[in-house]
Amino acid sequence: MSVKEITNKQMRRVGAALERNRIAVHYAETKAEVPKIVEGLLAEGMKIASGGSMSLAECGVMDLLKSGKYHYLDRSACPPDQVKALYREAFTADAYLCSANAVTENGEIYNVDGNSNRVAAICYGPDRVILVVGCNKLVRNMDEAVARVRQIAAPANTVRLDLNAGCRESGRCVALAKDNAQIGAGCYCENRICCNYVVTSYQRFPGRIQVILVGEPLGY
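What counts, and where the lines are drawn
Residues numbered from 1 in each chain as written. Predicted model: local features only at pLDDT ≥ 70, side-chain atom pairs only at ≥ 80, totals over all residues. Heavy atoms only, no water. Helix = DSSP H or I, 4+ residues; strand = E, 2+ residues; numbered from the N terminus. Buried < 20%, exposed > 50% of the residue type's maximum accessible area, 1.4 Å probe, protein only. Contact = heavy atoms within 4.5 Å. Areas by Shrake-Rupley, 256 points an atom, 1.4 Å probe, with all protein chains shown as cover. 1 Å grid on protein atoms, 1.4 Å probe; cavity = no way out; pocket = protein on both sides within 12 Å on 5 of 7 lines; lining within 4 Å. Points joined across faces, edges and corners; volume = space filled by probe spheres on them. Nonpolar A, V, L, I, M, F, W, Y, C, P; charged D, E, K, R; others polar. Pairing = 2+ DSSP bridges. Axes fitted to C-alpha atoms, helices over the stretch in contact; angles between N-to-C directions. Core = buried A, V, L, I, M, F, W, Y, C linked by side-chain atoms within 4.5 Å. Phe/Tyr/Trp six-rings, centres within 6.5 Å; stacked < 30°, edge-to-face > 60°. Lys NZ or Arg CZ within 6 Å of the ring centre and 35° of its normal. Expected span 1.5 Å × (residues − 1). Arc of directions from axis to C-beta.

Asks: Is there a simple way to explain the overall build of the protein chain in this structure?
Replies: Broken down by element type, the protein chain carries eight helices and 10 strands. The principal-axis extent of the C-alpha atoms belonging to the protein chain is close to 50 × 50 × 30 Å. Residue burial in the protein chain is summarised as follows: out of 220 residues, 48% are buried. When contacts within the protein chain are restricted to residue pairs at least 6 apart in sequence, long-range pairs at least 24 apart make up 74% of them. Only carbon and sulfur atoms are counted for the fraction: they give 50% of the accessible area of the protein chain, which is about 11000 Å².

What follows is the structure, encoded as structure tokens:
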């Protein structure tokens, strides 16, 4: 059995679990297919917001959002003194796009944030939330999801955001050196990137959250 076949089977297991939790699922074999799927989930003129996401950039979704077809709340073009207002306006968006730190085979979406505007929008506000998730972020269970953030996502994002957090220097969360460290364990530095931990599971409003599972690695 090829790696591609194994990946497809894992994606289908994860997708079935997400659907049991009333989360809509779409599949893309390659990242090149993702913009077309996203475009099909949006209508021209919609107010769109997004989180900071390497996954969206790597698969071309950011180019789509900035194409002029939508009223895009572009955080990258926002003056620093207006960013907080833009984050709040995102709650009134027709759709919010981002990625996830991990998705389990039980259909749980795991995200850890510092500012937490992303996890807040996932939980409540925008009418639709679209998450683009590469196959590198699929894990068996929550233990693996937590470990993935501590070993990969958090250190990589401290570099991307130029934050002097403990995991940037060591390449992994300091909690990994502790026995039986709880989910929120970590460093105590001012620039800590892991402040709020959100597990998205069964949904009260079916289909509000849409996940695009991609058969290629994306982001951290």
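Asks: Which parts of the structure should I look at to understand the environment of Val38?
Replies: Among the structural elements, Val38 can be located in helix α2 (residues 34-41). Take Val38: its relative accessible area is 0%, and that puts it in the buried class. Excluding residues that lie within four positions of it along the chain, Val38 makes contacts with Val61, Leu64, Leu97 and Ile212.

Asks: I tried to follow empty space enclosed by the protein on my own but got confused; where do I start?
Replies: Rolling a probe over the atoms, with the probe sized like a water molecule, indicates the empty space that remains. This structure, assessed with the given rule, holds two cavities of 30 Å³ or more. Taken together, the residues of the lining of the largest cavity break down into 12 nonpolar, two polar and two charged. Each pocket or cavity is described by its volume, and for the second largest cavity that value is around 70 Å³. Along its surface, the second largest cavity is lined by Ala49, Ser50, Leu73, Arg75, Leu86, Tyr87, Ala90, Tyr96, Asn117 and Ala121. When residues of the lining of the second largest cavity are traced back to their parent elements, those giving at least two are β2 (47-50), α5 (83-89) and α6 (117-123).

Asks: Could you clarify how one ought to interpret the sheet that holds strand β8 (residues 138-139) in this entry?
Replies: The pairing of strands in a sheet happens through backbone hydrogen bonds and is either parallel or antiparallel. Taking strand neighbours across the sheet as the criterion, the four strands line up as β8-β5-β6-β9 in an open arrangement whose pairing is mixed. The open sheet terminates on both sides in strands that have one partner only, identified here as β8 and β9 (196-200). The sheet contacts of helix α7 (residues 142-160) involve β5 (102-104), β6 (109-113), β8 and β9, and relative to β6 the element is tilted by about 30 degrees.

Asks: Hey, could you run me through the nonpolar core in this one?
Replies: Across soluble globular proteins, you tend to see nonpolar side chains buried next to one another. In this structure, Leu18, Ile109, Leu131, Val211 and Leu213 are the most contacted members of the largest nonpolar core, which totals 27 residues. Elements represented by at least two residues in this core include exactly α1 (3-20), α5, β4 (95-98), α6, β7 (128-134) and β10 (209-214). If near-sequence neighbours (up to four positions away) are discounted, Leu213 is found in contact with Met11, Val14, Gly15, Leu18, Val25, His26, Tyr27, Ala28, Val133 and Leu138.

Asks: Which parts of the structure should I look at to understand the packing of aromatic side chains?
Replies: The relative placement of two aromatic rings is captured by the distance of their centres and the angle of their planes. Overall, the coordinates contain zero aromatic pairs when judged by the stated rule. In this arrangement the basic side chain of Arg12 is found over the ring face of Tyr27, its NZ or CZ atom lying 3.7 Å from the centre.

Asks: Looking at this structure, I do not really get α1. What am I missing?
Replies: What sets the pattern is the α-helix's 3.6 residues per turn: residues three or four places apart point alike. The end-to-end C-alpha separation of α1 is 26 Å, in line with the 26 Å expected for 18 residues at 1.5 Å each. Turning to α1, its buried residues are Thr7, Gln10, Met11, Val14, Gly15, Ala17 and Leu18. An end-on view of α1 places all buried positions within 165 degrees of arc, on one side of the element. Those residues of α1 hidden inside the fold are in contact with β1 (24-28), β5, β6, β8 and β10. Count one or two residues on from α1 and you reach Arg22, which has phi positive near 65 degrees.

Asks: Even after reading the chapter, I still don't get the sheet that holds β10, so can you show me in this structure?
Replies: Read from one edge to the other, the open sheet built from six strands follows the order β1-β10-β7-β4-β2-β3, with strand pairing classed as parallel. Single-partner strands in this sheet number two, and they are β1 and β3 (71-72). The sheet contact formed by β1 and β10 spans five bridges and is parallel. Its bridge partner being in β10, Val25 is matched across the sheet by Val211. Contacting β1 and β10, α1 crosses the sheet at an angle of about 160 degrees to β1.

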